[in-house]
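Geometric and topological summary
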Amino acid sequence: MDCDWGAKNTDLSGKYGVRGYPTCVFTDSEGKELAKLAKRDAASVIAQMNEIADKHTKGPAYLASLDEAVAKAKEDKKPVLYLFTTAKDDSKKLEEAFVDESLKDILEKFVMARREIKKDDEDAKRFKVASSTQPVIFILDAEIEKPEEKPLKKWTGKKTAKELKKDLEAFLKSLEEK
Amino acid sequence: MLKSLLAAVTVVSMAGAAAAQDGGKLPWKKDPQAALAEARKTGKPTFMFFTSEG
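Residues numbered from 1 in each chain as written. Chains lettered and ligands numbered in written order. Predicted model: local features only at pLDDT ≥ 70, side-chain atom pairs only at ≥ 80, totals over all residues.

**Quick look at the confidence of the model for chain B**
Residue and element names in this part refer to chain B. Per-residue pLDDT for chain B averages 67, and the proportion of residues at 70 or more is 52%. Below a pLDDT of 50 lies the segment residues 1–8, which in the model reaches 21 contacts outside its immediate sequence neighbourhood of four places, other chains included. The ipTM, which scores confidence in the relative placement of chains, is 0.71 for this predicted complex, and the corresponding pTM is 0.69. (pLDDT = per-residue confidence, 0-100. Contact = placed C-beta atoms within 7 Å.)

Spelled out as structure tokens, the structure:
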């Protein structure tokens, strides 16, 4: 943010003890300072970003690809929940719903994966969602060949945390009854 | 690379770091309060870049 040598954004620069420019600060999702940027070469910046994202992101831990999710799901004997998102508001609302505390227990019954939809993305093409403008959730059986071709469930569009919980509970119940 | 950025805050995620690694642009937000509000809602940490144009 532009501080214009102390004339702008003084509330935040004061809060985070900014005494010179540039200064880079990591905070948690509540705005509490976690660390200053330790080193400025690109590899170190990326490493520190990844470390902070790993340790301090709330909500489910997502894997980044179908192959990773399937391998983990086989190991854990859980279904895969694969979330495809876009940069649009519906996706943001859905991502916010996944962070809701009320979903914490039920989401532990799934191996979670997430990917942002891009036209040339390999997984988006495998799931035929590469041109989707809405978020899409797939529930997959990791034990079958090409689970992307026979999803157990597919939901398109935003959902509230309450709706997600209801749908996931219904899905798990149907799985138990089989 | 970061010195040329004047925009304020990015919400840190693996995707953000991956974008940087690939030479892509970080999704900087120009409004720090809006970025902090988004961080609260999505449960993600933030990366704040304080600079001066002067």
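**Some remarks on the sheet that holds strand 4 (residues 111–116) of chain A**
Residue and element names in this part refer to chain A. Read from one edge of the open sheet, four strands run 4-3-5-6, paired in mixed fashion. The two strands at the open ends of the sheet, each matched to only one other strand, are strand 4 and strand 6 (153–156). Ignoring strand direction, the axes of neighbouring strands in this sheet form an average angle of 15 degrees. (Pairing = 2+ DSSP bridges. Helix = DSSP H or I, 4+ residues; strand = E, 2+ residues; numbered from the N terminus. Axes fitted to C-alpha atoms, helices over the stretch in contact; angles between N-to-C directions.)

**Some points on helix 4 (residues 89–99) of chain A**
Within helix 4 of chain A the residues assigned to the buried category are Ser91, Leu94, Glu95, Ala97, Phe98 and Val99 of chain A. Those residues of helix 4 of chain A hidden inside the fold are in contact with strand 3 (80–85) and helix 7 (161–177) of chain A together with helix 2 (32–42) of chain B. (Buried ≥ 20, exposed ≤ 12 C-beta atoms within 10 Å, placed from the backbone.)

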